[in-house]
Amino acid sequence: KYLYQISMVLLDLQFKCDLEGLAKLRLDSKTTLNVKAQFPNGDVHENLWIDRKEEQSVPGSRGTAHLIIGQKGSSKKASIKIEGKEGYPDYNDGDGWKTFATLDCRGLEVCEWIIHADGFTAETPGGDVDDEIEFEDGEYYGYDEKTDAQTSITNIETRVVVSKMKKKKR
C-alpha cells in the first residue's frame, strides 16, 4: 500500500527492541541503511543501500541526494536523502519506537527498513561496549563477564512512518 500520492515526502525509519542486560544500542554514523522502496506504478526495488557519505547531484535539480535510482521504462530519476544532522541516536533500554533517520523521498516511497548487524554496538549498564553484534534469526545473545549475566537484543521491529519533521528546501 502506498502511503502517499505526491512526488515527495519525508519518512521516518523507526526501530524498537527489547534489551536485556544492556543499557543502550548504538548505530555507527557511517552505517549504510538497507531499505525496500516502491515507485508510484507499483515497481518494487529491494536491497537499496543508502550511504550518508555518498552525496550526489540530482539530475535536473539543484539538490543532492544519498541515493538516485531510475524506474524501469522511464528516464525519470527518483531520489532519497537522509535529512538532519550527522549520526543516529542511541537506543536506550525502554525507549519504544525511536526514529533513527528521516528520509526525503522524491519519486518513490521507502516501504521497509531492513536491519542488519553491521554498525551496531551495545553498551552494558556498567559501560562495557560490545562491538561484535551478530544477529542470528533477528536476535542477539551475549554475555557480560563483569556482571556474570546474559545480554540480549530481541523482538526487533522496524517501521516506516510519515515524518512530523518540517520539509526544508534542498
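Refer to the structure printed above.
Thresholds, definitions, all that
Residues numbered from 1 in each chain as written. Predicted model: local features only at pLDDT ≥ 70, side-chain atom pairs only at ≥ 80, totals over all residues. Heavy atoms only, no water. Helix = DSSP H or I, 4+ residues; strand = E, 2+ residues; numbered from the N terminus. Buried < 20%, exposed > 50% of the residue type's maximum accessible area, 1.4 Å probe, protein only. Lys, Arg positive; Asp, Glu negative; His and termini not counted. Salt bridge = Lys/Arg side-chain N within 4 Å of Asp/Glu carboxyl O. Contact = heavy atoms within 4.5 Å. Pairing = 2+ DSSP bridges. 1 Å grid on protein atoms, 1.4 Å probe; cavity = no way out; pocket = protein on both sides within 12 Å on 5 of 7 lines; lining within 4 Å. Points joined across faces, edges and corners; volume = space filled by probe spheres on them. Nonpolar A, V, L, I, M, F, W, Y, C, P; charged D, E, K, R; others polar. Axes fitted to C-alpha atoms, helices over the stretch in contact; angles between N-to-C directions. Core = buried A, V, L, I, M, F, W, Y, C linked by side-chain atoms within 4.5 Å.

**Q** Mind showing me how you'd approach the side chain of Glu 123 here?
**A** With respect to the secondary-structure elements, Glu 123 resides in strand 12 (residues 120-123). In this structure Glu 123 is buried but unpaired, with Arg 26 as the nearest side chain of opposite charge at 4.1 Å. Not counting residues within four places of it along the chain, the set of residues in contact with Glu 123 comprises Leu 22, Ala 23, Lys 24, Arg 26, Asp 128 and Val 129.

**Q** Got a minute to help me understand the sheet that holds strand 2 (residues 24-27) in this structure?
**A** Two orientations exist for strands paired in a sheet by backbone hydrogen bonds: parallel and antiparallel. The strand order across the open sheet formed by four strands is 9-2-12-13, and the pairing between neighbours is antiparallel. The open sheet has two edge strands, strand 9 (91-92) and strand 13 (129-130), and neither has a second partner. As judged from the four bridges shared by strand 2 and strand 12, these two strands associate in the antiparallel manner. Bridging across to strand 12, Arg 26 finds its partner in Thr 121.

**Q** Please explain the layout of surface pockets as it appears in this structure.
**A** Here the idea is plain: a probe the size of a water molecule rolls over the atoms and shows the empty space left. Of the voids in this model, the second largest pocket is the one considered here, and its volume is about 200 Å³. What lines the second largest pocket is a set of 14 residues, among which Lys 85, Gly 87, Pro 89, Phe 100 and Ala 101 lie closest to the centre. Elements with a contribution of two residues or more to the lining of the second largest pocket: strand 8 (77-83) and strand 10 (98-106). A per-element tally of the lining of the second largest pocket places strand 10 first, with four residues. Class assignment of the residues belonging to the lining of the second largest pocket gives a composition of six nonpolar, four polar and four charged.

**Q** Could you clarify how one ought to interpret the sheet that holds strand 8 in this entry?
**A** If you walk across this open sheet you meet the six strands as 7-8-10-1-15-14, and the pairing is antiparallel. Lying at the two open borders of the sheet, with one neighbouring strand each, are strand 7 (67-70) and strand 14 (140-144). Ignoring strand direction, the axes of neighbouring strands in this sheet form an average angle of 25 degrees. Sheet analysis places strand 14 next to strand 15 (residues 149-162), joined by five bridges and oriented antiparallel. Note that in strand 15 the partner of Tyr 140 across the bridge is Ile 153.

**Q** It is not clear to me how the pairing of strand 14 should be interpreted in this structure. Could you clarify?
**A** Working note: regular strand, side chains alternate between the two faces of the sheet. Of the two faces of strand 14, only the one carrying Tyr 140, Gly 142 and Asp 144 is buried; Tyr 141 and Tyr 143 on the other face are not. The loop that links strand 14 with its antiparallel partner strand 15 comprises four residues; one of these, Asp 148, has a positive phi angle of about 55 degrees.

**Q** It is not clear to me how the nonpolar core should be interpreted in this structure. Could you clarify?
**A** In a soluble, globular protein the nonpolar side chains are often hidden away together inside. If you look at the biggest cluster of nonpolar residues, it comprises 37 residues, and the most contacted ones within it are Leu 13, Leu 33, Val 110 and Ile 153. With six residues, the top contributor of residues to this core is strand 1 (residues 8-20). Non-local contacts of Leu 33, meaning those with residues more than four positions away in its chain, are made with Leu 13, Leu 27, Leu 48, Trp 49, Ile 50, Ile 82, Tyr 88, Ala 101 and Trp 113.

**Q** Explain the pairing of strand 10 here, please?
**A** Of the strand pairs in this sheet, strand 1 and strand 10 are connected by eight bridges, and their pairing is antiparallel. Bridge assignment links Met 8 to a residue of strand 10, and that residue is Arg 106. In terms of strand pairing, strand 8 meets strand 10 through five bridges, oriented antiparallel. Residue Ser 79 lies in a different strand from strand 10, and its bridge partner there is Arg 106.

Remember, this is a structural readout, not a statement about activity or role.
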